[in-house]
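# An overview of the molecular structure
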Amino acid sequence: IIKKFDGEYLVRGGKSEVVEGDWNFLRTVVVRFPNYETAIKWYNSEEYAPIKKIRTDNSEGNCIIIEGN
């Protein structure tokens, strides 16, 4: 589904160290999309909805979509 929306995974977990502030998560995932609008379409898509439900029903986390420069 990420590929369908022209996204690519930049980070899917791996070794990390909190050097400032609080980050109480064992896994971090970063996905890049061509633009903000595509990321929003992916997040709200019918294709992602069942996967989102599995994720939210079985884990705690945060999700943020940021427009980059």
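Scroll up for the structure.
Worth saying up front: this structure is predicted, and the values here are computed from it rather than measured.

This part covers the overall build of the protein chain. When its secondary structure is counted, the protein chain shows 2 helices and 2 strands. Counting across all 69 residues of the protein chain, residues that qualify as buried make up 14%. Of the contacts made within the protein chain by residues no fewer than 6 positions apart, 52% connect residues no fewer than 24 positions apart. When the accessible surface of the protein chain is split by element, carbon and sulfur atoms take 50% of a total near 6,300 Å².

Time to look at the pattern of salt bridges. Counting across every chain of the model gives 3 salt bridges. Two residues, Arg32 and Glu8, come together in a salt bridge whose shortest N-O distance is 3.1 Å. Here Glu8 lies in strand 1 (residues 8–12) and Arg32 lies in strand 2 (residues 29–32), a separation of 24 residues in the sequence. The partner of Asp57 in a salt bridge is Lys53, with the nearest N and O atoms 2.7 Å apart. One end of the pair is Asp57 and the other is Lys53, both in helix 2 (residues 49–58) and 4 residues apart, which spans about a single turn. Each member of the pair, Asp57 together with Lys53, is exposed.

A separate point is the side chain of Thr38. Examined against the element boundaries, Thr38 turns out to sit in helix 1 (residues 36–43). For Thr38, a relative accessible area of 17% corresponds to the buried category. Apart from the residues within four sequence positions on either side, Thr38 is in contact with Phe5 and Phe33.

It is worth spelling out a nonpolar patch on the surface at this point. Nonpolar side chains collect at one region of the surface, where Leu10, Val11 and Val30 lie side by side and expose about 200 Å² of accessible area between them. With respect to the element layout, Val11 can be found in strand 1.

All right, on to the environment of Val29 then. Locating Val29 in the fold gives a position in strand 2. Val29 sits in the partly exposed class, given a relative accessible area of 44%. When sequence neighbours within four positions are dropped, the list of residues in contact with Val29 reads Tyr9, Val11 and Arg12.

Once that is clear, we can look at helix 1. Among the residues making up helix 1, those that are buried are Thr38, Ala39 and Trp42. Angular distribution of buried residues about the axis of helix 1 spans 100 degrees; they occupy a single face of the element.

Each value, and the rule that gives it
Every chain's residues receive numbers from 1 upward, in the order its sequence appears when written. Selection of residues for local features in this predicted model requires a pLDDT of at least 70, selection of side-chain atom pairs for listing and counting requires 80 or more, and totals for whole chains, interfaces and linings are taken over all residues. Excluded from the side-chain calculations are hydrogens and water; all other atoms, namely the structure's heavy atoms, are used. To qualify as a helix, a DSSP run of H or I must reach at least 4 residues; to qualify as a strand, a run of E must reach at least 2; elements of each kind are numbered from the N terminus. Burial status follows relative accessibility: with a 1.4 Å probe on protein chains alone, a residue under 20% of its type maximum counts as buried, one over 50% as exposed, and anything between as partly exposed. Here a residue-residue contact requires only that any non-hydrogen atoms of the pair lie within 4.5 Å. Every accessible area reported is derived by Shrake-Rupley at a probe size of 1.4 Å, with residue values counting cover from the shown protein chains alone. One side-chain nitrogen of Lys or Arg within 4 Å of one carboxyl oxygen of Asp or Glu is enough to make a salt bridge. Here the term patch refers to residues with relative accessible area over 30% and no salt bridge, with like charges joined within 9 Å and nonpolar side chains (Val, Leu, Ile, Met, Phe, Trp, Tyr) within 5 Å. The arc refers to the directions leading from the helix axis to the C-beta atoms.

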